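# Close look at the chain arrangement
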Amino acid sequence: MPHTLASLVNHTALKLTVLAGEERLDVPVRWAHASELIDPVPYMEGGELLLITALKLDAEDTEAARRYVRRVAEAGVVGLGFAVGVNYEDVPDALVAAAREQGLPLLAVPRRTPFIAISKAVSAAVAADQYRAVTAGFEAQRELTRAALSPEGPAELLARLAAHLDGWVALYDASGAVVAAAPEWAARRAARLAEDVARLRERPAPASSVVSDAEGDDRVELQSLGTGRRARGVLAVGTGAPLGTAGRYAVHSAVALLTLTTERSRALQDAEQRLGAAVLKMLLAGEPDHARAVAGRLYGGLLDAPFRVVVAEPAVADEQAAASGASPGAGRAAPAVLDGLSDAMDSAAARTGEAVLAVPDGGRLIVLVADGGAAADACAAYAAEIEARTSAQARPGGRSGRADAVTGGQGVAVGLSAPTGPMAAANAYRQAEQALSVARRRGRALVEHEDVAAGSVLPLLADDAVRAFADGLLRALREHDATGRGDLVASLRAWLARHGQWDAAAADLGVHRHTLRYRMRRVEEILGRSLDDADVRMELWLALKATSAGRGD
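The structure displayed is predicted, hence computed values, not measured ones. (Residues numbered from 1 in each chain as written. Predicted model: local features only at pLDDT ≥ 70, side-chain atom pairs only at ≥ 80, totals over all residues. Heavy atoms only, no water.)

### Details of the packing of helix α2 (residues 62–74) against helix α3 (residues 93–102)
Across the interface, α2 lies against α3 with an axial gap of 8 Å and an inter-helix angle of 40°. What the angle tells us is that α2 and α3 run oblique. When you trace α2 past α3, the crossing you get is right-handed. Listed contacts from α3 to Thr62, Ala65, Arg66, Val69, Arg70 and Ala73 of α2 are Ala94, Leu95, Ala98, Ala99, Glu101 and Gln102. By residue class, the composition of the contact of α2 with α3 is seven nonpolar, two polar and three charged. (Axes fitted to C-alpha atoms, helices over the stretch in contact; angles between N-to-C directions. Helix = DSSP H or I, 4+ residues; strand = E, 2+ residues; numbered from the N terminus. Parallel < 35°, antiparallel > 145°, perpendicular 65-115°, else oblique. Left-handed = near helix turned anticlockwise from the far one by under 90°. Contact = heavy atoms within 4.5 Å. Nonpolar A, V, L, I, M, F, W, Y, C, P; charged D, E, K, R; others polar.)

### Some points on the sheet that holds strand β7 (residues 178–182)
Spatially, β7-β6-β10-β9-β8 is the arrangement adopted by the five strands of the open sheet, whose pairing is antiparallel. For this open sheet the edge positions go to β7 and β8 (208–211), each flanked by a neighbour on one side alone. The average undirected angle you get between the axes of adjacent strands in this sheet is 15°. Packed on one face of the sheet, helix α5 (residues 154–165) meets β6 (168–172), β7 and β10 (233–239) and runs near 150° to β6. On the sheet, helix α7 (residues 194–201) packs against β6, β8, β9 (219–225) and β10 and is oriented at approximately 40° with respect to β9. (Pairing = 2+ DSSP bridges.)

### Looking at the pattern of salt bridges
Taken as a whole, this structure holds 25 salt bridges when the rule is applied. Arg248 is the salt-bridge partner of Glu221, the closest N and O atoms lying 2.7 Å from each other. Of this pair, Glu221 sits in strand β9 while Arg248 sits in helix α8 (residues 245–262), and the two are 27 residues apart along the sequence. Taking relative accessible area as the criterion, Arg248 reaches 24% and is therefore assigned partly exposed. Counted as one network, the salt bridges with shared partners bring together Arg308, Asp371, Glu448 and Glu450. (Salt bridge = Lys/Arg side-chain N within 4 Å of Asp/Glu carboxyl O. Buried < 20%, exposed > 50% of the residue type's maximum accessible area, 1.4 Å probe, protein only.)

### Topic: the environment of Ala181
Relative to the helices and strands, Ala181 is located in strand β7. A C-alpha to C-alpha distance of 7.6 Å links Ala181 and Trp168, two positions 13 residues apart in sequence. Apart from the residues within four sequence positions on either side, Ala181 is in contact with Leu158, Val169, Ala170, Ala186 and Ala187.

### What about the packing of aromatic side chains?
With the rule as written, the count across this model stands at three aromatic pairs. With a centroid separation of 6.0 Å and 50° between ring planes, the pair formed by Phe82 and Tyr88 is classed as tilted. Residue Phe82 is classed as buried on the basis of its relative accessible area of 0%. Taking the relative accessible area as the measure of exposure, Tyr88 reaches 14% and is therefore buried. (Phe/Tyr/Trp six-rings, centres within 6.5 Å; stacked < 30°, edge-to-face > 60°.)

### Some words on the pairing of strand β11 (residues 307–314)
Summarising burial for β11: eight of the eight residues are buried, a large majority. Relative to strand β13 (residues 364–370), β11 is paired through six bridges, and the arrangement is antiparallel. Directly across from Val311, in β13, lies its bridge partner Ile366. Relative to strand β14 (residues 412–416), β11 is paired through five bridges, and the arrangement is antiparallel. Residue Val310 lies in a different strand from β14, and its bridge partner there is Leu416.

Encoded structure:
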């Protein structure tokens, strides 16, 4: 307990007498300080017991006493100690009245009690309080360490910390999701802090912030976990008042312990990444048995069930590659948008105990995830969130949201293979690359290979280069039609749609079959190509389909 005015009054050796402010004796005393200045406020910090003899103060003057008491009270002084029998035989009535008016405790100090005795009593009490806080902090540290080493791990640590602070705590993973909270109801409170947590994760670890919202009556401190460029998690601590010394020790101990459990060593991360790259290389080389042997317990479970291959890259990769003449994603470090995708999948897999094999490949990210697992769902959810944000920004007046800070303002393109096994991993990788190519061409955040294979080939023609080729191929026919000398484009479309059946195509156009034959000869003459050639018919049909949406043909 902190030292208070009441404890000083009850100190039998000091013999202090309360003359005013009896109702405020429970106020903590930070220090005792003697000053004879008319205005000691510039030298006060607040929380002091100010000791005076009124050497320079006219304590019998009502207005002078009022001004003095009001000023020191407003500065945060918690009480006045007046030495009796030094400059005044008794405490002046004007000073007592002024203290009562301000509600400021006024203590009469007998002549036989030197000010230094009061200062020593306060100093000893402050030191004892600090010792108790440090001792409690060390005990909390030992208790939290035992909790961290228990089978429950972080969950037990959070429960002990919440009990020690008489508050609530929550742990967020690298993606910003709440993974544990104590007590259980704290998970709902922690979920409301998602945006504050996202802002803290933008800053290099370690970092901290104090937040609050309109619905909560508590004080919440956020502490990032980790030592590198990116935070590996965030600890939220909610209490009814600012943390004391013991509470601060406990929180710092929890941050250190959680950092050790969430921030694996760089060497271990590099080793796992090299192992994952080796397993992936063997799978793509058609060596599933060797891949299983190398995967061991770390990735072996992933290869025992159907998995999918994910290939992702920033959506801006095409533009950057075009400017530099390089292939998309080649030779660049993985940007923030891929870091966010990797964190989302890792966090989801960790919560369900799944294995995830992720290998950065220049500006790309290649991942093996369990089919139908949490990591695959997290990949789809992340892509949907980025796509929704990108669409919102494309609308007039659209603004960037908090996801921009996490993704660096980039979009993402993801290709997802069909479910496969180790024997067909190379084919699944090709499927994922094909789906990624379609995602880039369509401006989509995620495309699954099943969607490409099950759909029509026509959406793949929605490309500027294809449309330019189609327009060039049909330009001469359109220019002919524009002169009013016949409808060659519509006739060609009808004839191709009817597989070259003259009567059926002529009936669709409402013309005689001889008229249609004449028009097809004109098409051949204008284009300089024979419609008997199947390749020519295919090119013309695809050109008509590629341009029909834009022209309304």
